[in-house]
Amino acid sequence: MTAMADPSALEFDQVTFGYGRLPVLREASLRIAEGEFVAVVGPNGSGKTTLMRLGLGLLQPSHGVVRLFGADVSRFRDRWRLGYVPQRASAATSLPVSVAEVVRTGLAGQLRPGRRGTRRHRERLEHVLDLMGLAAVRRQRLSELSGGQQQRALIARALVTGPRLLVLDEPTTGVDAEARAILRESLEHLVTVEGIAVVYVSHDPEGFAGIADRVVEVRAGRLVRVDPQAPAPTSQSV
Amino acid sequence: MEILQFGFMQRALVAATVIAAVAPLVGAFIVQRGQSLIGDGMGHMAFAGVGLAFLVGLNPLVGALALTAVAAVALARLTRVGVGGDLSLALIFYGGIAAGFFFSSRAGGGQNQVLSFLFGSPLNLGWDEVAAVTALAGAVVVIVIALYPQLVALAFDEAAARVAGVPTQGLVLALTVVVALVVVAGMSSIGLLLISAMMVIPVATAAQVASSYRATLLLASAIGAASAVIGLLVAFYANAPTGAAIVLVALGAYCATALTRLLAGSLQRASS
Ligand SMILES: Nc1ncnc2c1ncn2[C@@H]1O[C@H](COP(=O)(O)OP(=O)(O)OP(=O)(O)O)[C@@H](O)[C@H]1O
Ligand SMILES: [Mg+2]
């Protein structure tokens, strides 16, 4: 099967990367199909965030290829197709910013200089604010919101372009059980109703158990498939 | 007010108020990016530019613009090749002040004029200089408005902005260039050593009371303009240096706001 005939949403092909001399990832391979929900687990410092940053083109692999929707990541242009919720995202900002303003920054890549958003952009903004239950707090300062609400604002920012691939890096850090349940519900909705591919990085299996199609562990620089049902991992490559 | 009868006072008022209103519009982005001192780096480099201009007989604005443009590009390059933000800024800082002083010492009779740009001398401006300052400030406003959504995205989360397709490298360079424009536009009225303060202090004041980014920008701009007007009047009646008076007024507004919030907070706690 060629990449052209069946483009995955995200594909790592024999990717090697290290910040210094020590490689963090060694010939790691993974394909995430459109509409698939893949959970990525692994201990602290194993390279989960690094893998996500490579997948989104924020880092360049020293060997191997990363493809987004069939295109080499360095030549990928349809940025609206991507949604990214970074780990420990900058919710603790030094200057005031309202919830609506934060969410709106997700559209900045779609606007040409000197242009403001179209009606469709405004509709998308309203839609994601509703979807994430933020309509009532849209004018409030982000820093005045609870941790769970802040996280939802950052997810709304990632969703505002109507992406086809959503990357969430530890989205439940500092979020209470109720907010986790709400997040889980909205993710289920996105996957089943909108058919979005999701990569979900987390220590906490509760966040993805039952929704994830596959669980992948980053271990010693490689990606190892973990059966979501049986905790004992098999060593087959993914 | 009778002091407005004086032409030199009118010119000083226009030049200082325009730049003090515009500086926070740029400052908000550098403060949010944790680069509050970048304006100072540009100021030192502009000093070298002014010195060089006097040495070779150019308009000081042209010399300052040329060298700050070089500094803007160098800063972007240095950061990209891994000379961290703080260190690359330090290189530009010290290089600028040393070169500026070196050039000005060779400029003979021009030396005093070169040094006058360090703290500004708004009372000596001609209308042509005021027009140049206003044009530079206008260019800054146009650029900030045109790139506003992208600049906000960059300031709050550079990685997410890049993923979303914002051309962050070019945008960082554009931001550095507008910082340079503000510094050059402000050097004759507020001075190279103090103009950066007007990019930062009004923003810090506005941030204490505003609840959105947009409101912070607009309020900071208003605070900057008001500080310029009040500072100029204080300087005139107290026979004090203008740039220093303007910055001290801005700082006073910051302290007053912080104190008021502190008092209001403890009153609230006491009554509950
Ligand atoms: N910018 C960087 N420069 C140098 N080394 C880095 C950098 N970022 C991460 N590393 C190193 O790379 C390794 C992988 O880091 P990474 O952040 O990808 O791990 P992680 O699995 O996401 O960890 P966590 O569970 O804590 O989020 C770690 O050993 C880390 O120290
Ligand atoms: Mg991580």
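Residues numbered from 1 in each chain as written. Chains lettered and ligands numbered in written order. Predicted model: local features only at pLDDT ≥ 70, side-chain atom pairs only at ≥ 80, totals over all residues. Heavy atoms only, no water.

1. With respect to the overall build of chain B
- The number of helices and strands found in chain B is twelve helices and zero strands.
- Mapped from its N terminus to its C terminus, chain B presents α and β elements in the order α-α-α-α-α-α-α-α-α-α-α-α.
- Rg of the C-alpha trace for chain B: 19 Å, near the compact-globule value of 19 Å for 272 residues, within the 12% margin.
- Projected onto the principal axes, the alpha-carbon positions of chain B cover approximately 65 × 55 × 30 Å.
- Taking all 272 residues of chain B together, 52% fall into the buried category.
- In the structure as shown, chain B presents an accessible area of about 11,400 Å², 69% of it carried by carbon and sulfur atoms.
- Looking at charge distribution, chain B has the averaged site of its 9 positive side-chain charges lying 8 Å from that of its 7 negative ones. (Helix = DSSP H or I, 4+ residues; strand = E, 2+ residues; numbered from the N terminus. Rg over C-alpha atoms; globule rule 2.2 N^0.38 Å. Buried < 20%, exposed > 50% of the residue type's maximum accessible area, 1.4 Å probe, protein only. Areas by Shrake-Rupley, 256 points an atom, 1.4 Å probe, with all protein chains shown as cover. Lys, Arg positive; Asp, Glu negative; His and termini not counted. Charge placed at Lys NZ, Arg CZ, Asp CG, Glu CD.)

2. Structural notes on the overall build of chain A
- Scanning chain A for helices and strands turns up five helices and ten strands.
- Along the first, second and third principal axes, the C-alpha set of chain A runs to 50 × 40 × 35 Å.
- A burial count over chain A gives 52% of its 238 residues as buried.
- The long-range share in chain A, meaning contacts at least 24 apart out of those at least 6 apart in sequence, stands at 70%. (Contact = heavy atoms within 4.5 Å.)

3. Here we look at the nonpolar core
- With 112 residues, the main nonpolar core has F37 and L166 of chain A together with F29, V182, I190 and Y213 of chain B as its most contacted residues.
- Among residues more than four places away in sequence, those in contact with L166 of chain A are G83, V85, A158, L159, L187, L190, I196, A197, V198 and V199 of chain A.
- Core analysis: the next-biggest nonpolar cluster, separate from the first, contains 35 residues, V24, F69, V167 and A197 of chain A among them. (Core = buried A, V, L, I, M, F, W, Y, C linked by side-chain atoms within 4.5 Å.)

4. Thoughts on the interface of chain A and chain B
- At the interface, 32 residues of chain A touch 29 residues of chain B.
- Both faces considered, chain A and chain B share a buried interface measuring about 2,300 Å² in area, 59% of it formed by carbon and sulfur atoms.
- On the surface where chain A and chain B come into contact, there are one salt bridge.
- A salt bridge links D157 of chain B to R157 of chain A; its shortest N-O distance comes to 2.9 Å.
- Connecting chain A to chain B are 14 residue pairs in polar contact (both at pLDDT 80 or more).
- By residue class, the composition of the side of chain A that touches chain B is twelve nonpolar, eleven polar and nine charged. (Buried area = accessible area lost by both parts, 1.4 Å probe. Salt bridge = Lys/Arg side-chain N within 4 Å of Asp/Glu carboxyl O. Polar contact = N/O pair within 3.5 Å; in protein donor to acceptor, adjacent residues only side chain to side chain. Nonpolar A, V, L, I, M, F, W, Y, C, P; charged D, E, K, R; others polar.)

5. Thoughts on the coordination of the magnesium ion (ligand 2)
All names here are of chain A.
- Within the protein, T49 (OG1) and Q87 (OE1) serve as the donor atoms for the magnesium ion (ligand 2), at 1.9 to 2.2 Å. One end of the pair, T49, is in helix 1 (residues 48-55); the other, Q87, is in the loop between strand 6 (82-85) and helix 2 (99-104), with 38 residues separating them in the sequence.
- Assessed through its relative accessible area of 25%, T49 is described here as partly exposed. (Donors = N, O, S within 2.8 Å, 3.2 Å for Na, K, Ca; no water.)

6. Re the sheet that holds strand 5 (residues 71-72) of chain A
Residues and elements named next belong to chain A.
- Pairing in this open sheet of four strands is antiparallel, and the strands run 2-1-4-5 from one edge to the other. Each edge of the sheet is formed by a strand with only one pairing partner; in this case those strands are strand 2 (25-32) and strand 5.
- Sheet analysis places strand 1 (residues 10-17) next to strand 2, joined by five bridges and oriented antiparallel. Bridge pairing links E11 to R31 in strand 2.
- The sheet contacts of helix 1 involve strand 1, strand 2 and strand 4 (63-68), and relative to strand 1 the element is tilted by about 120°. (Pairing = 2+ DSSP bridges. Axes fitted to C-alpha atoms, helices over the stretch in contact; angles between N-to-C directions.)

7. So, the site of ligand 1
All names here are of chain A.
- Surrounding ligand 1, one finds 13 residues, the nearest of these being G45, K48, T49, T50 and Q87.
- One nitrogen or oxygen atom from the side chain of Y19 is found 3.4 Å from a nitrogen atom belonging to ligand 1.
- Within the complex, the protein chains bury 57% of what would otherwise be the 640 Å² of accessible surface of ligand 1.
- Taken together, the residues of the shell around ligand 1 sort by class into three nonpolar, eight polar and two charged. (Near = heavy atom within 4 Å.)

8. Describing the environment of G207 of chain A
Residues and elements named next belong to chain A.
- You can see G207 is positioned in the loop between strand 8 (197-201) and strand 9 (214-219).
- G207 gets classed as buried once you look at its relative accessible area, which sits at 8%.
- It is 24 Å that separates the C-alpha atoms of G207 and A28, two residues lying 179 residues apart in sequence.
- Discounting chain neighbours no more than four positions away, the residues touching G207 are R184 and Y200.

9. Points about the environment of V160 of chain A
Residue and element names in this part refer to chain A.
- As for its position among the elements, V160 is in the loop between helix 4 (147-159) and strand 7 (165-169).
- Classification of V160 as buried rests on a relative accessible area of 0%.
- Measuring from C-alpha to C-alpha, the distance between V160 and L107 comes to 6.7 Å, with 53 residues separating the pair along the chain.
- The contact partners of V160, leaving out residues within four places of it in the chain, are V103, G106, L107, R124, L125 and V128.

10. A closer look at helix 10 (residues 195-207) of chain B
Residue and element names in this part refer to chain B.
- Over its 13 residues, helix 10 runs 19 Å from end to end, which matches the ideal 18 Å to within 8%, given 1.5 Å per residue.
- Burial of helix 10 is extensive: eleven of the 13 residues sit out of reach of the surface.
- Every buried residue of helix 10 is accounted for by I195, S196, A197, M198, M199, I201, P202, V203, T205, A206 and A207. (Expected span 1.5 Å × (residues − 1).)

11. Here we look at the sheet that holds strand 8 of chain A
Residues and elements named next belong to chain A.
- Reading across from one edge, 6-7-8-3-9-10 is the order of the six strands in this open sheet, with mixed pairing throughout. If you trace the sheet from one side to the other, it starts and ends with strand 6 and strand 10 (222-226), each paired once. Strand-to-strand twist across the sheet, computed as the mean angle between neighbouring axes with direction ignored, equals 20°.
- Bridging between strand 3 (residues 37-41) and strand 8 involves four bridges; their strand directions are parallel.

12. As for the confidence of the model for chain A
- For chain A, the average pLDDT comes to 87, and 90% of its residues sit at 70 or higher.
- The model gives residues 230-237 of chain A a pLDDT under 50, and that stretch makes nine contacts with residues more than four places away or in other chains. (pLDDT = per-residue confidence, 0-100.)

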